[in-house]
Amino acid sequence: MLHSIDSGKAGPMGPAMTRAVEACVHCGFCLAACPTYRELGQEMDSPRGRIVLMKEVLEGRMDADAARLHVDRCLGCLACEPACPSGVPYRDLISPYRAWSERLGRRGAWERLRRALMGWTLPYPGRFRWAARLGMLGKWMAPVMPAALRSMVELIPDALPAAVRLPETTRALGVRRARVALVAGCAQQVLDPDIHVATIDVLSRNGVEVCVPRGQGCCGALAWHTGDHRAAMSFARRNLAAFPDDVDAVITNAAGCGSAVHEYPLILAGTPEAARASELASRAMDVSVFLARLGLGEKPRGWKETVRVAYHDACHLANAQGVRSEPRALLGGIPGLELLEVADAHLCCGSAGTYNVEQPEVAASLGRQKVEWIRRTGAGVVASGNIGCLTQLRLHGGGLGVWHTMQVLRDAYEGRVPRGGHADGGKQS
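In this text, all values refer to a predicted model and were calculated from it rather than measured experimentally.

Parameters and conventions
Within each chain, residues carry numbers counting from 1 in the order of the written sequence. With pLDDT at 70 or above as the cut-off, local features in this predicted model cover only qualifying residues; side-chain atom pairs require 80 or more to be listed or tallied, and sums for whole chains, interfaces and linings still use all residues. Side-chain numbers come from the whole structure's heavy atoms, not from hydrogens or water. For helices, the axis comes from a line fit to the C-alpha atoms of the stretch in contact; other axes are also lines fit to C-alpha atoms, and the angle between any two N-to-C directions lies between 0 and 180 degrees. Each helix is a run of H or I in the DSSP string that is no shorter than four residues. Each strand is a run of E no shorter than two, and both are numbered from the N terminus. Put simply, angles under 35 degrees are roughly parallel, angles over 145 are roughly antiparallel, angles from 65 to 115 are roughly perpendicular, and the rest are oblique. Handedness of a crossing is defined here by the sense of rotation of the near helix relative to the far one, left-handed for an anticlockwise turn of less than a right angle and right-handed for a clockwise turn. Residues are treated as being in contact if the distance between any of their heavy atoms lies within 4.5 Å. Per residue, pLDDT measures the predictor's confidence, with a range of 0 to 100. Lining residues are those with an atom within 4 Å of a point, where the points come from a 1 Å grid over the protein atoms alone and group into cavities, where a 1.4 Å probe fits but cannot get out, or pockets, open sets with protein on both sides within 12 Å along at least five of seven lines. Grid points are joined across faces, edges and corners, and a volume is the space filled by probe spheres set on the points. Following the grouping adopted for this structure description, the nonpolar residues are Ala, Val, Leu, Ile, Met, Phe, Trp, Tyr, Cys and Pro, the charged ones are Asp, Glu, Lys and Arg, and the polar ones are all others, Gly among them. What counts as a salt bridge is simple: a side-chain nitrogen of Lys or Arg found within 4 Å of a carboxyl oxygen of Asp or Glu. Burial classes: relative accessible area under 20% of the type maximum marks a residue as buried, over 50% as exposed, and values in between as partly exposed (1.4 Å probe, protein chains only). Note on pairing: two strands pair once DSSP finds at least 2 bridges between them.

**Quick notes on the packing of helix 20 (residues 325-332) against helix 24 (residues 405-414)**
When two helices pack together, their arrangement is given by the angle between the helix axes and by the axis-to-axis distance.
Next, step 1: At a minimum axis distance of 10 Å, the contact between helix 20 and helix 24 shows a crossing angle of 20°. The angle between helix 20 and helix 24 places the two elements in the roughly parallel class. Crossing angle aside, the handedness with which helix 20 passes helix 24 is left-handed. Contacts between helix 20 and helix 24 pair Pro327, Leu330 and Leu331 from the former with Thr405, Met406, Val408 and Leu409 from the latter.

**A few points about the confidence of the model for the protein chain**
Next, step 1: Per-residue confidence for the protein chain gives a mean pLDDT of 92, with 95% of residues at or over 70.
Next, step 2: Segment residues 421-429 is flagged for pLDDT under 50; beyond a separation of four residues in sequence, or across chains, it makes 19 contacts in the model.

**So, empty space enclosed by the protein**
Next, step 1: Across all of its chains, the model carries five cavities of 30 Å³ or more by this definition.
Next, step 2: The space that makes up the largest cavity amounts to roughly 140 Å³.
Next, step 3: Those elements giving two or more residues to the lining of the largest cavity turn out to be helix 4 (47-58) and helix 6 (80-83).
Next, step 4: If you tally residues by element for the lining of the largest cavity, the top one is helix 4, at three residues.
Next, step 5: Its residues assigned to classes, the lining of the largest cavity shows 13 nonpolar, three polar and one charged.

**Brief notes about the pattern of salt bridges**
Next, step 1: Tallied over the entire structure, the rule returns 39 salt bridges.
Next, step 2: Arginine 416 is the partner of aspartate 411 in a salt bridge, and the nearest nitrogen-oxygen pair spans 2.6 Å.
Next, step 3: For arginine 416, a relative accessible area of 32% gives the class partly exposed.
Next, step 4: Each of Asp63, Asp65, Arg68, Asp72, Glu102, Arg106, Arg107, Glu111, Arg114, Arg115 and Glu358 takes part in a single network of salt bridges with overlapping partners.

**Structural notes on the packing of helix 12 (residues 194-205) against helix 24**
Next, step 1: Relative orientation of the contacting elements helix 12 and helix 24 amounts to 55°, with a least axis distance of 8 Å. On the basis of the axis angle, helix 12 is oblique to helix 24. Handedness of the helix 12/helix 24 crossing: left-handed. Residues Asp194, Ile195, Val197, Ala198, Thr199, Asp201, Val202 and Arg205 of helix 12 form the contact with helix 24, whose participating residues are Met406, Gln407, Leu409, Arg410, Tyr413 and Glu414.
Next, step 2: Residues that form the contact of helix 12 with helix 24 fall into these classes: seven nonpolar, two polar and five charged.

**Observations concerning the side chain of aspartate 45**
Next, step 1: For aspartate 45, the position within the fold is in the loop between helix 3 (35-40) and helix 4.
Next, step 2: Ignoring sequence-local partners within four residues, the contact set of aspartate 45 consists of Cys34, Thr36, Tyr37, Leu40, Arg50, His70 and Arg73.

**Considerations on the layout of surface pockets**
Next, step 1: In this structure, the second largest pocket occupies an estimated 410 Å³ of space.
Next, step 2: Lining the second largest pocket are 20 residues, and of these Arg115, Gly119, Ala223, Thr226 and Asp228 lie nearest its centre.
Next, step 3: When residues of the lining of the second largest pocket are traced back to their parent elements, those giving at least two are helix 8 (109-121), helix 13 (221-225) and helix 14 (229-242).
Next, step 4: The dominant element in the lining of the second largest pocket, judged by the number of residues it contributes, is helix 8, at five residues.
Next, step 5: Among the residues making up the lining of the second largest pocket, the classes are represented as nine nonpolar, five polar and six charged.

**Examining helix 20**
Next, step 1: For helix 20, the full list of buried residues reads Glu326, Pro327, Arg328, Leu330 and Leu331.
Next, step 2: Buried residues in helix 20 make contact with helix 18 (287-294), strand 6 (307-311), strand 7 (337-341), strand 8 (381-384) and helix 24.

**Some remarks on the sheet that holds strand 2 (residues 178-182)**
Next, step 1: What the five strands build is an open sheet, ordered 1-3-2-4-5; its pairing is mixed. The outermost strands of the open sheet, each flanked by one partner alone, are strand 1 (169-170) and strand 5 (284-286).
Next, step 2: Bridge count for strand 4 (residues 249-252) against strand 5 is three bridges, and the pairing is parallel. Bridge assignment links threonine 252 to a residue of strand 5, and that residue is aspartate 286.
Next, step 3: Strand contacts of helix 17 (residues 274-283): strand 4 and strand 5, with the helix running at about 30° to strand 5, the strand carrying the most contacts.
Next, step 4: Across the sheet, helix 18 lies against strand 2, strand 3 (208-211), strand 4 and strand 5, angled at about 90° from strand 5, the strand it touches most.

Spelled out as structure tokens, the structure:
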């Protein structure tokens, strides 16, 4: 028995952690599916190994700092879940364990500063934009910065798109078929706000009224995945209050946000908001799922020339939410689009929220491998459903066209070829 959990020291998340640990029979099927095990080759950097470490800490037989290195190296990609014959709910263990153990360990000063800076900026679009601009000016100082801060500065893009203020309500074109609320998130509003513009455009074209609640904030994923349970609860509560009940669905277009909203019942377990969290989670779905269920009311024009598009499965869409066929169906229905599959599609690209800041070497290696597999398909464009993946692929992709599924679909409605998408490798005119 896990006495530390059973005694209540882990709080309301304890039973979920207990079930996850006890479900593991240590068969090893997860090893081949785990990107960090494949990358580092150590048992303790596999799901099975980490479960052993976490169990030892939870039972008081190991210090939390002794397990921290290997637990921190976990991407949280959940590729182990589909591979597990015992159905271990690893998601119910890794983030709750991080939240429980964070108060026990002793991180270094620079690492604490890095986490504090990310927590203060990334979840707030206004702060993030200004911080990124300052970082652009200070990139020349990166070589002399402490390693804990260097990776954060080196990942700042050389330019940012213009800020976009999303309309609070966008009416459906033609007969209204549904009304939805859109999760705007945080980093996506800074790094690629056109994803929201494209999403709203596609939904509106298909008879869907879209509201963007002004009171919403960050989904809480960044805090939850780094063990800041208090901040994750605060973000979840803010969104519970912001999103209306009179909508047909709560739409997400970033896999990380969608996964986080579905985890609100766990984040808020044991609180008065738990029931409301479960209700909101039950109405939340990725935009590709919503459109696949609703059916496209207007068929995209597509292109006369063949456009070869590879599809990259975002981990928190495919593994966390089980969404694989819907985006492929939407893309495959575009006239002129040849949809291509990527080898080892289950392996993470290395973005994983703040992972490419906290574990830059592993993240960069995974990113380069993913881009190489995409290039081997012969595609000039890759589509995906998560801003972190898109940012990572753009970082390592060179001239590869990297777009969100909704951007490709929007461009297909307008007859505009995505950059890099011509069969001859040409650019968009």
